[in-house]
Amino acid sequence: VPGREAALAIGSAHAPASLRGLDASMAHLSEVAFWIDSPKLSAADTVRAMGAGIPLAPDTVVVMESTANGTGNFFHQEWLRAKDGKSDKTPVFVAWHEIDMNAMPDPLKLWNTLDTYEQGLWRRGLTLEQIAWYKLKRREVGKHELMMAEYPTDDLEAFTNSDCAVFASEHVAALRDGCEEPAEVG
């Protein structure tokens, strides 16, 4: 990058060794929840390979970002570790309504058409312009479950399995809060 005395390298989750040995100060790992785990390749190995050349020093950073893509995958496990303070990462969740372009003008005619979920958005402090955008976008997406996966309002929605969950996500989250490590393994 001219003028910044910096070099930019682009790698792939399908070929993580391509960046092994690179001397870098930053890594941006994108759409980590969609990285494929196979017998020869795992998301954890890819993150380790790409982060190996980044020293633990000031002005260095490794960022993992993604649409959540369900529960149980590497990204979800890392999100939970970060939320529990067990990771070197800081969890940052960006909800759909925090993005300025996700609002529609002239929302007053919307007020009488709000469903229970949308009324909950209002109680959370979202504007009518934002709720109007959400309502239109949800019509485009088709299913509320898919909307929650692609445009989550909070991290609980983000990690909800998109369309085939057996149990309600809020019930699973309540049970997860009571989980602890097993006393013995054998």
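Refer to the preceding data block for the structure.
(A) Quick peek at helix H1 (residues 43–51). What H1 keeps buried is the set Ala43, Thr46, Val47, Ala49 and Met50. For H1, the angular spread of the buried residues around the axis is 165°, confining them to a single face. Looking at the buried residues of H1, the elements they touch are strand S1 (26–30), strand S2 (61–65) and helix H2 (74–83).

(B) Structural view of the pattern of salt bridges. Within this structure, the stated rule accounts for 9 salt bridges. A salt bridge links aspartate 45 to arginine 48; the shortest N-O distance between them is 2.6 Å. Taken as a pair, aspartate 45 and arginine 48 lie in helix H1 at a separation of 3 residues, close to a single helical turn. Overall, aspartate 45 belongs to the partly exposed group, its relative accessible area being 33%.

(C) Looking closely at the packing of aromatic side chains. Applying the stated rule across the entire model yields 7 aromatic pairs. A centroid spacing of 5.2 Å and a plane angle of 20° characterise the contact between tryptophan 96 and tryptophan 133, whose relative ring orientation is stacked. Taken together, the positions of tryptophan 96 in the loop between H2 and helix H3 (116–123) and tryptophan 133 in helix H4 (residues 128–141) put the pair 37 residues apart, joining distant regions of the chain. Tryptophan 133 shares its class with tryptophan 96; the two are buried. Where tryptophan 133 meets tyrosine 151, the ring centres are 5.4 Å apart and the plane angle is 80°; that geometry is what we call edge-to-face.

(D) The arrangement of the environment of alanine 95 in detail. With respect to the helices and strands, alanine 95 occurs in the loop between H2 and H3. Take alanine 95: its relative accessible area is 3%, and that puts it in the buried class. As for alanine 95 and aspartate 155, which are separated by 60 residues in sequence, their C-alpha atoms are 8.1 Å apart. Residues within four places of alanine 95 in sequence aside, it is in contact with Pro152 and Thr153.

Reading the values: the criteria
Residues numbered from 1 in each chain as written. Predicted model: local features only at pLDDT ≥ 70, side-chain atom pairs only at ≥ 80, totals over all residues. Heavy atoms only, no water. Buried < 20%, exposed > 50% of the residue type's maximum accessible area, 1.4 Å probe, protein only. Helix = DSSP H or I, 4+ residues; strand = E, 2+ residues; numbered from the N terminus. Arc of directions from axis to C-beta. Contact = heavy atoms within 4.5 Å. Salt bridge = Lys/Arg side-chain N within 4 Å of Asp/Glu carboxyl O. Phe/Tyr/Trp six-rings, centres within 6.5 Å; stacked < 30°, edge-to-face > 60°.

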